[in-house]
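# Structure assessment
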Amino acid sequence: MTTKTPVQTLIWCIALPGFGQFLNQQFFKGFVLMFLELIVNMGSGLNLAIISSFHGNTELAIRQADLQWLMFYPCLYMFGMWDAYKDAGGGRSPYASIPFVMGAFSATVGVIYSPTVTIIGFLLGPVWLPMLFCLIGIGLGIVIRALLIKLYV
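Computed from a predicted structure; not experimentally measured.

## What to know about helix α4 (residues 46–54)
Taken as a whole, α4 has its buried residues at Leu 46, Ala 49, Ser 52 and Ser 53. Taken around the axis of α4, the buried residues stretch over an arc of 125°, which confines them to a single face. Looking at α4, the residues exposed on the side facing more than 90 degrees away from the buried face are Leu 48 and Phe 54. After α4 finishes, the residue Gly 56 shows a positive phi value of roughly 80°.

## Observations concerning the side chain of Glu 37
Relative to the elements of secondary structure, Glu 37 occurs in helix α3 (residues 27–44). Look at Glu 37: it is buried, it has no salt bridge, and the nearest opposite charge is Lys 29 at 18 Å. Setting aside residues no more than four positions away along its own chain, Glu 37 makes contact with Leu 16, Pro 17, Tyr 73, Leu 76 and Tyr 77.

## Some details on the pattern of salt bridges
By the definition in use, this model includes four salt bridges. Measuring nitrogen to oxygen at the nearest pair gives 3.1 Å for the salt bridge that ties Lys 29 to Asp 83. With Lys 29 in helix α3 and Asp 83 in helix α7 (residues 72–87), this pair connects stretches of sequence that are 54 residues apart. One salt bridge in this structure joins Lys 86 and Asp 87, with 2.8 Å as the shortest N-O distance. Lys 86 gets classed as partly exposed once you look at its relative accessible area, which sits at 32%. One network of salt bridges, in which partners are shared, links Lys 29, Asp 83, Lys 86 and Asp 87.

Calculation rules
- Residues numbered from 1 in each chain as written.
- Predicted model: local features only at pLDDT ≥ 70, side-chain atom pairs only at ≥ 80, totals over all residues.
- Heavy atoms only, no water.
- Buried < 20%, exposed > 50% of the residue type's maximum accessible area, 1.4 Å probe, protein only.
- Helix = DSSP H or I, 4+ residues; strand = E, 2+ residues; numbered from the N terminus.
- Arc of directions from axis to C-beta.
- Lys, Arg positive; Asp, Glu negative; His and termini not counted.
- Salt bridge = Lys/Arg side-chain N within 4 Å of Asp/Glu carboxyl O.
- Contact = heavy atoms within 4.5 Å.

As structure tokens, then:
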């Protein structure tokens, strides 16, 4: 049997929050995260918005998504990834949580701006804009983490 790595647990959590916790044998935490994902997914109407976004119908996706519920999604996902990564041994380095925090924050900002009439919000909608903002936030978090390590460690 192979040994799990922090990156493996992170990838499993990208598939669904809670899967990385199962890999870490933290079953209660895994079930809680999966249950919360189900509740937020159903409350936000995310699956319908994803289908509409993939078909290029951003206007319909904006109408289908409940943004008040959808704003929980980035934090839930990034917490699940951080928790599994940390518990698998990846959180030992200083400031390791910063890219996860910045990703959650940025994706939430992406959700907020997704229904706006600005060209980028209207073109990308409630699915693609938060994902884009999340990647930008993770990248910014990596840079901030590197600067903090250089300054204080």
